[in-house]
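Listed here are the chains, written in short residue letters.
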Amino acid sequence: MADAAAEAITKDAPSLLQWLTGGSTTSTVALLLCVLFGAYAAYIITNEPERDGTHAPVNEEDDEEPPRDFTPKQLREFDGKDEDTPLYVAVKGDVFDVSEARSFYGPGGGYALFAGRDASKCLATMSLEEVDLDQPIDGLNHGEREHLDEWHFKFKELKGYPILGRLAT
């Protein structure tokens, strides 16, 4: 008899997951994503190397060139047309080495027209028109400026393309 009473109580009582999410599938998915993100963040934080400030970061390439200014004419030399030529693209005044993404920025790539050019206005306006290359970005609206900032962040932080210098105006 006690078993029958316990079964009746547990049958009518909602599960912990239902209680936390209110029974909604969307809430369940959101809760699961929060738990996964928390676990990932904890993993990243606990596995970050300790930095005590006494050692400089190891530079794997000692012969790395210091940042420099590029004129638009100099930048055009790095269009990747030759397999041995590096690919550079300017975004918001920073010149990035995108040679590792030759399939995108090299000849035949979807963004090949950006190679050796200032692609800022094209990226801001989502244009693949050559007329928008090497154009000033003064007249961009708020949304276009946000797009450009997102692209700059992507080049610098997400893709980690090296910044070689600045585009001189």
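Heads up: the structure comes first, above all this text.
Computed from a prediction, not measured in an experiment: that's the story for all the values here. As a convention, each chain's residues are numbered from 1 in the sequence order in which they are written. Local features in a predicted model are, by the rule used here, given only for residues with pLDDT of at least 70; side-chain atom pairs are given and counted only at 80 or more, and totals for whole chains, interfaces and linings are based on all residues. With hydrogens and water excluded, all non-hydrogen atoms of the structure serve as input to the side-chain values.

Thoughts on the overall build of the chain
For step 1, the next point in the chain: Helix and strand content of the chain: 7 helices and 5 strands.
For step 2, the next point in the chain: The way it works is that DSSP assigns letters per residue, a run of H or I at least four long becomes a helix, a run of E at least two long becomes a strand, and they are numbered from the N terminus. Listed by position from the N terminus, the elements making up the chain come as α-α-α-β-α-β-β-α-β-α-α-β.
For step 3, the next point in the chain: Only protein chains enter the calculation, and the probe is 1.4 Å; a residue is then buried if its accessible area is under 20% of its type maximum, exposed if over 50%, and partly exposed in between. For the chain, buried positions account for 25% of its 169 residues.
For step 4, the next point in the chain: Here, two residues are considered to be in contact whenever any of their heavy atoms come within 4.5 Å of each other. Sequence-distant contacts in the chain: of pairs separated by 6 or more residues, those separated by 24 or more amount to 51%.
For step 5, the next point in the chain: With residues, only the protein chains shown are counted as cover, and all accessible areas are computed by Shrake-Rupley using a 1.4 Å probe. When the accessible surface of the chain is totalled, it reaches about 12300 Å², and 56% of it is carbon and sulfur.

Remarks on unusual backbone geometry
For step 1, the next point in the chain: Of note in the backbone geometry, Lys92 takes a positive phi value of approximately 55° without being a glycine.
For step 2, the next point in the chain: We note that Asp134 has phi near 55°; this positive angle belongs to a residue other than glycine.
For step 3, the next point in the chain: Take Asp134: it is sitting in the loop between helix 6 (120-125) and helix 7 (142-158).
For step 4, the next point in the chain: With a relative accessible area of 29%, Asp134 lands in the partly exposed category.

Some words on the nonpolar core
For step 1, the next point in the chain: Put simply, a nonpolar core is a bunch of buried Ala, Val, Leu, Ile, Met, Phe, Trp, Tyr and Cys residues held in one set by side-chain atoms that sit within 4.5 Å of each other. In this structure, Val89, Val98, Tyr105, Phe114, Leu123 and Phe155 are the most contacted members of the largest nonpolar core, which totals 19 residues.
For step 2, the next point in the chain: In this structure Leu123 touches Val91, Phe114, His147, Leu148, Trp151 and Phe155, once residues within four positions along its chain are discounted.
For step 3, the next point in the chain: If you look at the next biggest cluster of nonpolar residues, it comprises 7 residues, including Phe70, Leu75, Ala90 and Val95.

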